[in-house]
Amino acid sequence: MARNTVADQLVEILREVGVERVYGVVGDSLNPVVDGIRRRRGIEWTQVRHEESGAFAASAEAQVTGQLAVCAGSCGPGNLHLINGLYDAHRSMAPVLAIASHIPTSEIGTGYFQETHPDRLFVECSHYCEMVTDPEQLARVTRIAIQHAVGRGGVSVIILPGDVAGLAASKQPVGHALVTERPKVRPGPDELARLAELMNDANRVTLFCGRGTQGAHDLVMRLAERLKAPVGHALRGKEWIQYDNPFDVGMSGLLGYGACYEAMHEAELLVLLGTDFPYPAFLPDGVRIVQVDHRAEQLGRRAPLALGVWGSVSETIEQVLPMVREKRDRTFLDNALRKHAAALERVVGAYTQDVEHHLPIHPEYAASVLDEEAADDAVFTVDTGMCNVWAARYISPNGRRRLLGSFSHGSMANAVPQAIGAALAQPGRQVVAMAGDGGFAMLLGELLTLVASDLPVKVVLFNNSSLGMVKLEMLVAGLPEHGTATQHTDFAAIARAAGAHGVRVERPADLRAALREAFDRPGPAVVDVVTDPNALSMPPKITAEQVSGFALSMGRTVLAGGVGRMIQLARSNLRNIPRP
Ligand SMILES: Cc1ncc(C[n+]2csc(CCOP(=O)(O)OP(=O)(O)O)c2C)c(N)n1
Ligand SMILES: [Mg+2]
């Protein structure tokens, strides 16, 4: 295609780096870009109903493919709507490029119709945020933006006034090899030697894993075997580390379970692997802490370190393993495995009693049936709220499934928009959105996107007619719940009216068949599961004040939710403990 406008040139560069679609909502100032996409083969304009969804979708696409994804918003309110999704993408380190079109250059600074300052607005949620005012800038700024998003992992924003987008493009050649793969970071020899020394000196070592352990499962297991170390994880590490793990002691954090907290606190040396786990309150005082991360700026953000190792997790373990002596004493590990199994045995029955008849349906039951019925390589997107808890406890990772959420930014309404991005990026793969009724309602327009684009996303709605997570938070704080109830809504009927398959499930006995049917049918489906709003879950460590506050405002407490198939892993790990 002949390059003629600045917008065409932008589209051309996006195609060159493999971008196949741009998510957004059209708008006057964006017209040259949308028109450029219409005329260019190999790239599509993907219409969503809210720009925030476009940013979430791009983020999910980037997270499942590992490649750059793109969203766009028109001037003023159009691109302003991107912001929450961009915050999420940025904090998820998803390489996303946002095109924010802008008011005419001649009007900037005059309080013109729809005027905002995207160059100021998006600074905090991006690595790079620059305005193009001259055609000569476009190619270079676009490349720099892409390199920031890919290289540093996160968002770049190009601000393009509509008049500039429509100008004739520069005649300068744009061809340029862009770097799209991130290298592994190898730590310095001194850090590696010191790391080995700390590991060799400590009798009790615990490994705590985050998202940075992606692709390092086997190496983490080898290190744990060498050190006889329990292995726990943060929520974002779960999908990479919690399966086939003979050292598993569960998860720490507000949604945690099992013996991870104890294993971290009873260790002599705690090794944080690729995690920016945000809760200092769950990290131990008086335990030596080592942190390994490929981003130097993350080191020591949450706890004082005995050693910070600037390196990729896999590269660090590969380099350090030859220097680490095999420990013979399994006592610490075996005790942690026993505690973990016992902790899970205590709660495994939490929801299972008479659950086939319990009305409304217990959400933990719904999550466990979903876990069994979903495909082995399904992508689960999980709304912020109680769905996070159900996913953390019931969705069994296996190295092929994916689990996406708004785990760092914690925004509601992420699940369906993220599912749009995952479904478009990987056609043929099962995509399940675990949505809350509050989250689903918040960006309900995307139900129409699912239908319009005929995306086979299966929305499993945990419909408790409640902003349940906040209700729990209020109870924990000793406050009477207020503003958390929402009206009963038949979302299945809404789905059917929109043209999707919709089924409302009120009886537990109907759940499995409803899920199977939704999975078997082509196209979008909403399985509206009416769930119990009083099914609550508590973190494994809560303070006395929290407990009394909780008990004060609630006659009946469920101090810990159940766990799903991970009990089988815990039980089988017990069998690895050598008999005396
Ligand atoms: C955009 C946004 N607004 C508000 C919140 C605070 N918040 C966190 S979870 C939640 C309730 C979510 O309700 P729902 O989607 O129904 O899920 P549930 O917890 O009931 O399962 C709220 C209001 C948030 N995290 N994000
Ligand atoms: Mg709810």
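For the structure, check the block above.
Cut-offs used in this document
- Residues numbered from 1 in each chain as written.
- Chains lettered and ligands numbered in written order.
- Predicted model: local features only at pLDDT ≥ 70, side-chain atom pairs only at ≥ 80, totals over all residues.
- Heavy atoms only, no water.
- Helix = DSSP H or I, 4+ residues; strand = E, 2+ residues; numbered from the N terminus.
- Buried < 20%, exposed > 50% of the residue type's maximum accessible area, 1.4 Å probe, protein only.
- Contact = heavy atoms within 4.5 Å.
- Areas by Shrake-Rupley, 256 points an atom, 1.4 Å probe, with all protein chains shown as cover.
- Axes fitted to C-alpha atoms, helices over the stretch in contact; angles between N-to-C directions.
- Parallel < 35°, antiparallel > 145°, perpendicular 65-115°, else oblique.
- Left-handed = near helix turned anticlockwise from the far one by under 90°.
- Nonpolar A, V, L, I, M, F, W, Y, C, P; charged D, E, K, R; others polar.
- Donors = N, O, S within 2.8 Å, 3.2 Å for Na, K, Ca; no water.
- Phe/Tyr/Trp six-rings, centres within 6.5 Å; stacked < 30°, edge-to-face > 60°.
- Lys, Arg positive; Asp, Glu negative; His and termini not counted.
- Salt bridge = Lys/Arg side-chain N within 4 Å of Asp/Glu carboxyl O.
- Polar contact = N/O pair within 3.5 Å; in protein donor to acceptor, adjacent residues only side chain to side chain.
- Pairing = 2+ DSSP bridges.
- Right-handed = clockwise from strand over helix to strand, strands pointing away.
- Near = heavy atom within 4 Å.
- Core = buried A, V, L, I, M, F, W, Y, C linked by side-chain atoms within 4.5 Å.

From N to C terminus, the chain includes 24 helices and 19 strands. The proportion of buried residues among the 580 residues of the chain is 59%. Intrachain contacts of the chain at a sequence separation of at least 6 include 73% that bridge at least 24 residues. For the chain, the accessible area works out to roughly 22900 Å², and carbon and sulfur atoms hold 51% of it.

A cis amide bond links Leu 359 to the next residue, Pro 360, at an omega of -10°. Its place among the elements puts Pro 360 in the loop between helix 14 (331-348) and helix 15 (363-373). Even without a glycine there, the phi angle at Ala 413 is positive, about 70°. Mapped onto the secondary structure, Ala 413 falls in the loop between strand 15 (402-405) and helix 17 (415-425). The class for Ala 413 is buried, based on a relative accessible area of 2%. The backbone phi angle of Asp 454 is positive, close to 45°, even though this residue is not glycine. Note that Asp 454 resides in the loop between helix 19 (446-452) and strand 17 (457-463). Take Asp 454: its relative accessible area is 52%, and that puts it in the exposed class.

Taken N-terminus to C-terminus, the directions of helix 1 (residues 6-16) and helix 2 (residues 31-39) make an angle of 55°; their axes are 8 Å apart at the nearest point. Relative to helix 2, helix 1 is oriented oblique. For the pair helix 1 and helix 2, the sense of crossing is right-handed. Contacts between helix 1 and helix 2 pair Ala 7, Asp 8, Leu 10 and Val 11 from the former with Pro 32, Val 33, Gly 36, Ile 37 and Arg 39 from the latter. Of the residues belonging to the contact of helix 1 with helix 2, the class tally is six nonpolar, one polar and two charged.

Our next topic: the coordination of the magnesium ion (ligand 2). Only Asp 437 (OD), Asn 464 (OD1) and Ser 466 (O) from the protein coordinate the magnesium ion (ligand 2), and they sit 2.0 to 2.1 Å from it. Going along the chain, you hit the donors of the magnesium ion (ligand 2) in the pattern D-x26-N-x1-S. Of this pair, Asp 437 sits in helix 18 (residues 437-442) while Asn 464 sits in the loop between strand 17 and helix 20 (468-476), and the two are 27 residues apart along the sequence. Asn 464 carries the same exposure label as Asp 437, and that label is buried.

Before going further, it helps to examine the side chain of Ser 92. Mapping Ser 92 onto the fold places it in the loop between helix 5 (83-91) and strand 4 (96-102). Classification of Ser 92 as buried rests on a relative accessible area of 1%.

Turning next to the packing of aromatic side chains. For the structure on display, the rule yields six aromatic pairs. Ring pairing ties together the aromatic residues Phe 208, Tyr 261, Phe 277, Tyr 279 and Phe 282, which thus form one cluster.

A word on the side chain of Glu 115. Structurally, the position occupied by Glu 115 is in the loop between strand 4 and helix 6 (118-121). Comment: no salt bridge for buried Glu 115; closest opposite-charge side chain is Arg 120, at 7.0 Å. In terms of polar contacts, Glu 115 uses its side chain to reach the backbone amide nitrogen of Tyr 112, at 2.9 Å. Once residues lying within four places of it in the same chain are set aside, the contact partners of Glu 115 are Ile 103, Glu 107, Ile 108, Gly 109 and Thr 110.

Right, let's get into the packing of helix 3 (residues 51-65) against helix 5. Viewed as axis vectors pointing N to C, helix 3 and helix 5 meet at an angle of 20°, and their least axial separation amounts to 6 Å. Comparing the axis directions of helix 3 and helix 5 gives the class roughly parallel. Between helix 3 and helix 5 lies a crossing whose hand is right-handed. Contacts between helix 3 and helix 5 involve Glu 52, Ala 55, Phe 56 and Ser 59 from the first element and Asn 84, Gly 85, Leu 86, Asp 88 and Ala 89 from the second.

The next thing to look at is the environment of Val 563. Mapped onto the elements of the fold, Val 563 is located in the loop between helix 23 (544-553) and helix 24 (566-574). The class of Val 563 is buried, set by a relative accessible area of 1%. Considering only alpha carbons, one finds Val 563 and Arg 393, 170 residues apart in sequence, at a separation of 5.1 Å.

Our next topic: the pairing of strand 19 (residues 525-530). With respect to burial, strand 19 is a largely interior element, six of its six residues being buried. Neither face of strand 19 is left uncovered, since the one carrying Ala 525, Val 527 and Val 529 and the one carrying Val 526, Asp 528 and Val 530 both have all their residues buried. Looking at chain direction, strand 18 (residues 501-505) and strand 19 are connected through five bridges and run parallel. Across the sheet, residue Gly 502 finds its bridge partner in strand 19, namely Val 526. Assessed by its sense of winding, the connection that carries the chain from strand 18 through helix 22 (residues 508-520) to strand 19 is right-handed.

Inspection of the region around ligand 1 gives 16 residues, with Gly 438, Gly 439, Ser 466, Gly 468 and Met 469 positioned closest. Ser 466 places a polar main-chain atom, nitrogen or oxygen, 2.8 Å from an oxygen atom of ligand 1. Burial of ligand 1 by the protein amounts to 78% of the accessible area it has alone, namely 590 Å². When the residues that make up the shell around ligand 1 are grouped by side-chain class, the tally is five nonpolar, ten polar and one charged.

Moving on to the nonpolar core. Ranked by internal contacts, the top residues of the largest apolar core, which has 54 residues, are Leu 207, Val 220 and Leu 273. Take this core: its biggest share by element is six residues, from helix 10 (residues 217-227). Ignoring sequence-local partners within four residues, the contact set of Leu 273 consists of Leu 207, Phe 208, Cys 209, Gly 210, Thr 213, Val 220, Val 292, Val 313 and Ile 317. With 48 residues, the next largest nonpolar core counts Val 48, Ala 60, Leu 82 and Met 131 among its residues.

This paragraph deals with the sheet that holds strand 17. Two modes of strand pairing occur in sheets, parallel and antiparallel, and in both the strands are linked by backbone hydrogen bonds. Read from one edge of the open sheet, six strands run 15-14-16-17-19-18, paired in parallel fashion. Each edge of the sheet is formed by a strand with only one pairing partner; in this case those strands are strand 15 and strand 18. Taken over all neighbouring pairs, the strand axes of this sheet differ in orientation by 15° on average, direction set aside. In the packing of helix 17 onto the sheet, the strands contacted are strand 14 (379-382), strand 15, strand 16 (431-436) and strand 17, and the crossing angle to strand 16 comes to about 170°.

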